[in-house]
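The chain contents come next:
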Amino acid sequence: MIVIEPLISAQDVSYFRQQLSELPWQDGTNTAMGMASSVKNNNQADSSDAKVRQLSNELLAKLGQHPTLISAALPHKIFPPVFNLYSESQEYGYHVDAAIMRIPGTQEVLRSDISMTVFLNDPTEYEGGELVISTEFGEQQVKLPAGHAVVYPSSSLHKVNAVTSGQRVAAITWMQSMIADTSLRQTLYQLDRSIQNLIADDKTSRAELDRLHNVYHNLIRQFSQLG
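On a predicted model such as this, the values are computed, not experimentally measured, just so you know.

1. Observations regarding the overall build of the protein
Part 1 of the argument: Along the protein, the regular secondary structure elements total five helices and 17 strands.
Part 2 of the argument: Expected size for 227 residues packed as a compact globule is a radius of gyration near 17 Å; at 18 Å, the protein falls within 12% of this value.
Part 3 of the argument: Its C-alpha atoms give the protein principal-axis dimensions of about 55 × 40 × 35 Å.
Part 4 of the argument: Within the protein, buried positions represent 44% of all 227 residues.
Part 5 of the argument: For the protein, the exposed area adds up to about 11600 Å²; of that, 50% sits on carbon and sulfur atoms.
Part 6 of the argument: The positive charge centre, built from 17 side chains, and the negative charge centre, built from 24, are 6 Å apart in the protein.

2. Here's the deal with helix α4 (residues 182–201)
Part 1 of the argument: Here α4 spans 29 Å end to end across 20 residues, near enough to the 28 Å set by a 1.5 Å rise per residue.
Part 2 of the argument: Among all positions of α4, only Leu 184, Arg 185, Leu 188, Tyr 189, Asp 192 and Ile 195 are buried. End-on view of α4: buried residues confined to an arc of 140 degrees, all on one side of the axis. Among the exposed residues of α4, those pointing more than 90 degrees away from its buried face are Gln 186, Asn 197 and Ala 200.
Part 3 of the argument: Immediately beyond the C-terminal end of α4, within one or two residues, lies Asp 202, with a positive phi of roughly 60 degrees.

3. Digging into the confidence of the model for the protein
Part 1 of the argument: Summary statistics for the protein give a mean pLDDT of 92 and a share of 97% for residues scoring 70 or more.
Part 2 of the argument: Within the protein, the lowest mean pLDDT, 88, falls on strand β2 (residues 25–27), and the highest, 97, falls on strand β11 (residues 126–128).

The rules we used
Residues numbered from 1 in each chain as written. Predicted model: local features only at pLDDT ≥ 70, side-chain atom pairs only at ≥ 80, totals over all residues. Heavy atoms only, no water. Helix = DSSP H or I, 4+ residues; strand = E, 2+ residues; numbered from the N terminus. Rg over C-alpha atoms; globule rule 2.2 N^0.38 Å. Buried < 20%, exposed > 50% of the residue type's maximum accessible area, 1.4 Å probe, protein only. Areas by Shrake-Rupley, 256 points an atom, 1.4 Å probe, with all protein chains shown as cover. Lys, Arg positive; Asp, Glu negative; His and termini not counted. Charge placed at Lys NZ, Arg CZ, Asp CG, Glu CD. Expected span 1.5 Å × (residues − 1). Arc of directions from axis to C-beta. pLDDT = per-residue confidence, 0-100.

If you want it as structure tokens, here you go:
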């Protein structure tokens, strides 16, 4: 589980919020599949609407440019972001995201390795609404400032607590990583962070950095799955 602070700027948040305020919403249960449909209670921007698709693609472009997200997820495919809204008493009970998802409007499918929530309003605007992720260390509650995001394995049981006042606005997406193994992906992320810190420190020789880069990219080359 990795928190990205921030993923998008305050200006971007304001833009997306303004645009979303003018777009149609639908019952979120319309898009839930299987057991998730019985525990999902929220609203979702209508992905069939042309303006919603445009807004989703605009956010998708920003995700593809963020170095921390790229390092953490090593994405091969990213599902077009979905915008959701939780009003008072709405929640999403414990569920696991579908393993295989069809990318809207295409014949392509995506294996969901990584899930991501991008918070689009501040915690002061609503009560409740925490994202709760079940991990080997117990439940982890996440409620971040607007523009911040959290990425976590799609295999995790997770839920959104009931909003008790105000409204919670967020975008969610899923990624198929080039590296399917979660522990290996985490190791590569830590290695890349160390390399970037050494570059910023400006004390490590170019030859040493080249050797580290060689190890990093050869590991990706050896273990990546692009099918």
